[in-house]
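Working through the structure, step by step
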Amino acid sequence: MGATRSAWIAGVSSAVLWASAFPAIRIAAPSLGVFGLTTSRLIIASVTLLVVGAVSRKIRLPQLADLPRIFACGICGMAGYFLLLNWGELFVPAGTASMIVSASPIISIIIACIFLGESLTKSTIIGSVIAIAGVSVVCLSRSGIDLSSAVWIIVAASTLLGIYHPLAKPLLKKYTGLEVATYATVSASLLTLPFFPMAWPHLISAPTESWAAALYLGVFPSAFGYALWGFALARLSTATSTSLLYFVPVIAVVIGYLWLNEVPLLTEILGGSLTVIGVVFMNAFRTPHEPSTQNRTVRQT
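Keep in mind it's a predicted model, so treat the numbers as computed, not measured. (Residues numbered from 1 in each chain as written. Predicted model: local features only at pLDDT ≥ 70, side-chain atom pairs only at ≥ 80, totals over all residues. Heavy atoms only, no water.)

Describing the overall build of the protein
The secondary structure content of the protein amounts to twelve helices and zero strands. N-terminal to C-terminal, the α/β element order of the protein is α-α-α-α-α-α-α-α-α-α-α-α. Put simply, 91% of the contacts in the protein that link residues at least 6 apart link residues at least 24 apart. (Helix = DSSP H or I, 4+ residues; strand = E, 2+ residues; numbered from the N terminus. Contact = heavy atoms within 4.5 Å.)

Considering the pattern of salt bridges
Under the counting rule described, the total for this entry stands at two salt bridges. A salt bridge links Glu 179 to Arg 60; the shortest N-O distance between them is 2.8 Å. Remark: Arg 60 occurs in the loop between helix H1 (2-56) and helix H2 (67-88) and Glu 179 occurs in helix H7 (residues 177-192); sequence separation between them is 119 residues. No difference in accessibility class separates Glu 179 from Arg 60, as the two residues are buried. Of the charged contacts in the structure, one is a salt bridge between Asp 66 and Lys 174, with a shortest N-O distance of 2.8 Å. Of this pair, Asp 66 sits in the loop between H1 and H2 while Lys 174 sits in the loop between helix H6 (149-168) and H7, and the two are 108 residues apart along the sequence. Judged by relative accessible area, which is 11%, Asp 66 ranks as buried. (Salt bridge = Lys/Arg side-chain N within 4 Å of Asp/Glu carboxyl O. Buried < 20%, exposed > 50% of the residue type's maximum accessible area, 1.4 Å probe, protein only.)

Quick notes on the nonpolar core
In this structure, Phe 22, Leu 37, Met 78, Tyr 81, Leu 85, Tyr 164 and Tyr 226 are the most contacted members of the largest nonpolar core, which totals 65 residues. Listing elements by their share of this core, those giving two or more residues are H1, H2, helix H3 (94-101), H6, H7, helix H8 (196-205), helix H9 (208-235) and helix H11 (247-260). The element that contributes the greatest number of residues to this core is H1, accounting for 15 residues. Once residues lying within four places of it in the same chain are set aside, the contact partners of Leu 37 are Ile 25, Ala 28, Ala 29, Leu 32, Asn 86, Ala 214 and Leu 217. (Core = buried A, V, L, I, M, F, W, Y, C linked by side-chain atoms within 4.5 Å.)

So, H11
Between the first and last C-alpha of H11 there are 19 Å, a value that for 14 residues agrees with the 20 Å anticipated at 1.5 Å per step. The positive-phi residue at the C-terminal boundary of H11 is Asn 261, with phi of around 60 degrees. (Expected span 1.5 Å × (residues − 1).)

Here we look at the packing of aromatic side chains
This model, assessed by the stated rule, comprises eleven aromatic pairs. For the pair Trp 18 and Trp 229, a centre-to-centre distance of 5.2 Å together with 50 degrees between the ring planes defines the contact as tilted. Here Trp 18 is found in helix H1, whereas its partner Trp 229 is found in helix H9, with 211 residues between them in sequence. When sorted by exposure, Trp 18 lands in the same class as Trp 229, which is buried. (Phe/Tyr/Trp six-rings, centres within 6.5 Å; stacked < 30°, edge-to-face > 60°.)

Quick word on a nonpolar patch on the surface
On the surface, Ile 43, Val 47, Val 51, Val 55, Phe 71, Ile 75, Leu 190, Leu 191, Leu 193, Phe 196, Trp 200 and Ile 204 cluster together to form a nonpolar patch covering roughly 1100 Å² of accessible area. Contributions of two or more residues to the nonpolar patch are made by H1, H2, H7 and H8. Looking at the nonpolar patch element by element, the count peaks at four residues for H1. (Patch = residues over 30% accessible without salt bridge, like charges linked within 9 Å, V, L, I, M, F, W, Y side chains within 5 Å. Areas by Shrake-Rupley, 256 points an atom, 1.4 Å probe, with all protein chains shown as cover.)

Quick look at the structure:
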């Protein structure tokens, strides 16, 4: 029970950090550019995780056999996802982007059911439909999504994030959440280094506000957010852990109000409440057995 409670706390903390990333991207992306924000965010996150690992001495070298999956995690969950999200948010409002990305758990659940043998219950299906209806209400209440190319860029980003969760789960049977976050982030940084020459003109001319937002994105939503998420994902089923991501748009509305003075509409509040109901429904009537932490082979050092 204690481990499950800790996993829930870690998952909710990740949702809060990731929700704050959407308005931060809106601040940083216009000046730093798509490639500049992607590379700077990944480098800052990599340095943060490596420093934490060095101080705590809790990061081992990964096994060679796991490198393909690690690089795949880096591409889907970070390099590709960040790149597409930064690009899309140049044209799509932060709240709208968070609504679209919040659909990624559906992709995760489908993949986990097909490839990881996890169960798909009626409560998961019904709760997902309710939650998606909620985020749709929030999204349409403010911006009224049209099928523009920018929206499809965010959809592609959401798809990559949805692939990341079940892709990382097998690694979490062997490594800690901190280790998986570090491996994936460092690999993503290496993959985006070729973009650095294109990013350089934006990096040297960006104002302090944009760099502050990039620093925040690298340290908190990226480094700490992914490490906490790995801890939660390792101890909860994919359906349960990713259901927490439906809270991201709701939290993003609150953060947008506090940070960017965006006043939430009544329909956004109603949609957010519907999202919460969907998540509660998914977990209140869930029957599949959660993976036991005692069966994991992670070496705690």
